[in-house]
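Per-entry structural report
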Amino acid sequence: MDISKIKNTKFTDNTEPKDEKLIGLLKQAYRGEITCTMAIAKLSALRPYSDYEPTVSDDYRKYFTEKANDGSPPTLYVYAEDL
């Protein structure tokens, strides 16, 4: 699936949440100030930082499932946070 064809409707600065902590961590990683580790995690172990639930097309669900099944799922950025 060509992911450039995914229609991104109604996502604006006002409707899509921003995770400022993740943005800061990514900036630090790109500048070499911190290191990142790529890992595989069960989805059941992850908790979202907001209750935002985007509308996901059936085509993207199929694309994601196929990539996950062949061992190369799309990247998902996560970080540990003290509770």
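These notes cover the structure that comes with them.

Definitions and limits used
- Starting from 1, residues in each chain are numbered consecutively following that chain's sequence as written.
- Residues qualify for local features only when their pLDDT is at least 70, as the model is predicted, and side-chain atom pairs are given and counted only at 80 or more; totals for whole chains, interfaces and linings, by contrast, use all residues.
- Each side-chain value is worked out from all heavy atoms of the structure, with water and hydrogens disregarded.
- Counting from the N terminus, the helices are the DSSP runs of H or I reaching at least four residues and the strands are the DSSP runs of E reaching at least two.
- Remark: exposure states derive from per-residue accessible area (1.4 Å probe, protein chains only) relative to the maximum for the residue type, with buried under 20%, exposed over 50%, and partly exposed in between.
- Only heavy atoms matter for contacts: two residues are in contact if any of them lie within 4.5 Å across the pair.
- We get accessible surface area from the Shrake-Rupley algorithm with a probe of 1.4 Å; when it comes to residues, only the shown protein chains can shield them.
- A pair of aromatic rings is counted whenever rings of Phe, Tyr or Trp (Trp by its six-membered ring) have centres within 6.5 Å, and the orientation is called stacked for planes under 30 degrees apart, edge-to-face for over 60 and tilted otherwise.
- For patch building, the residue pool is restricted to those with more than 30% relative accessible area and no salt bridge; the joining distance is 9 Å between like charges and 5 Å between nonpolar side chains (Val, Leu, Ile, Met, Phe, Trp, Tyr).
- One speaks of a salt bridge when a side-chain nitrogen belonging to Lys or Arg is within 4 Å of a carboxyl oxygen belonging to Asp or Glu.

**Structural notes on the overall build of the chain**
- On a plain count of helices and strands, the chain comes out with two helices and zero strands.
- With 83 residues in all, the chain has 4% of them scored as buried.
- Restricting the contact set of the chain to residue pairs at least 6 apart, pairs at least 24 apart contribute 77%.
- Carbon and sulfur atoms form 53% of the exposed surface of the chain, whose accessible area is close to 7900 Å².

**Details of the packing of aromatic side chains**
- Enumeration according to the criterion identifies two aromatic pairs in this entry.
- Seen in terms of ring centroids, Tyr60 and Tyr63 are 5.6 Å apart; in terms of plane orientation they differ by 40°. Their pairing is tilted. Taken together, the positions of Tyr60 and Tyr63, both in helix H2 (residues 58-69) and three residues apart, correspond to about one turn of that helix.
- Owing to a relative accessible area of 17%, Tyr63 belongs among the buried residues under this scheme.
- Ring centres of Tyr60 and Phe64 lie 6.4 Å apart, and the angle between their planes is 45°; this geometry places the pair in the tilted category. On the criterion of helical spacing, the pair formed by Tyr60 and Phe64 is a turn pair, its members being four residues apart in helix H2.
- An aromatic cluster is present here, built from Tyr60, Tyr63 and Phe64 joined pairwise through their rings.

**Thoughts on a nonpolar patch on the surface**
- Residues Leu43, Leu76 and Val78 make up a contiguous nonpolar surface patch of about 320 Å² in total accessible area.
- Assignment of secondary structure puts Leu43 in the loop between helix H1 (20-30) and H2.

**Things to note about the pattern of salt bridges**
- Counted according to the given criterion, the structure contains one salt bridge.
- Residue Arg31 pairs with Glu33 through a salt bridge whose shortest N-O separation is 2.9 Å.
- By relative accessible area, which is 54% here, Arg31 ends up exposed.

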